[in-house]
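Listed below are the residues making up each chain.
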Amino acid sequence: SAAEIPGAIDDAQAKDQTEAMEQAEALAQRLHDLEQRLQEAAMAREEAISQTESDCARIVAAETEAATLCTAAKGEFADLEARIAAVECAEERAAAGAAESEAQEQTLQQTIGSLEGNLAAAESACASSVANAEVAERTSAAAMSELASFSQVTGELAEL
């Protein structure tokens, strides 16, 4: 049959059409899935970009803070170096002052020694003067006694 041919053609066409429709539906579903995955990928990409921008902003802020801290640390280090230099200078001045004080103390000790020597000499001179005064007093008393005796002898001679 020839009568069956148009039906077979119709059946083949219907079958081809059904397969084409199924393929079209499968392609449409696949296209829909791909579009959905593409949207998810685009959203993930946007989220990643946003996260990266946020991370970059945090990195820049951290770098700025680190630079600020570094500048402050450099300032504190310079201040510390200046303080150390001042302490070293004060130590040098103190050492020089101690040496000067020691020299002054030695000079003072020498002066005290000299004054003690002068005092001993003055005490000795004073003792010598006292001794001389005592000798002079005794000599004077003896001379007065002799003068009195002489006056008495002279008075007795005058009476004679």
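Higher on the page you've got the structure.
Predicted model, so just to flag it, every value in this text is computed and none were measured. (Residues numbered from 1 in each chain as written. Predicted model: local features only at pLDDT ≥ 70, side-chain atom pairs only at ≥ 80, totals over all residues. Heavy atoms only, no water.)

Draft legend 1. The arrangement of the overall build of the protein chain in detail. Secondary structure assignment for the protein chain yields one helix and zero strands. Its C-alpha radius of gyration of 66 Å places the protein chain more than 25% over the 15 Å reference for a compact globule of 160 residues. On the principal axes, the C-alpha backbone points of the protein chain span a range of 225 × 20 × 15 Å. In the protein chain, which comprises 160 residues, the share counted as buried stands at 0%. Roughly 13600 Å² of accessible area belongs to the protein chain as shown, and the carbon and sulfur atoms make up 60% of that amount. The average position of the 9 basic charges and that of the 32 acidic charges among the side chains of the protein chain differ by 13 Å. (Helix = DSSP H or I, 4+ residues; strand = E, 2+ residues; numbered from the N terminus. Rg over C-alpha atoms; globule rule 2.2 N^0.38 Å. Buried < 20%, exposed > 50% of the residue type's maximum accessible area, 1.4 Å probe, protein only. Areas by Shrake-Rupley, 256 points an atom, 1.4 Å probe, with all protein chains shown as cover. Lys, Arg positive; Asp, Glu negative; His and termini not counted. Charge placed at Lys NZ, Arg CZ, Asp CG, Glu CD.)

Draft legend 2. Main features of the pattern of salt bridges. All chains considered together, the criterion is met by three salt bridges. Residues Arg 45 and Glu 46 are paired through a salt bridge, measuring 3.7 Å at the closest nitrogen-oxygen approach. (Salt bridge = Lys/Arg side-chain N within 4 Å of Asp/Glu carboxyl O.)

Draft legend 3. Expanded view of a nonpolar patch on the surface. A cluster of nonpolar side chains, contributed by Phe 77, Leu 80 and Ile 84, occupies part of the molecular surface with about 290 Å² of accessible area. Assignment of secondary structure puts Leu 80 in helix H1 (residues 4–159). (Patch = residues over 30% accessible without salt bridge, like charges linked within 9 Å, V, L, I, M, F, W, Y side chains within 5 Å.)

Draft legend 4. Representation of a negative patch on the surface in the model. Together, Asp 16, Glu 19, Glu 22 and Glu 25 make up a region of like negative charge exposed at the surface. Structurally, Glu 25 is set in helix H1.

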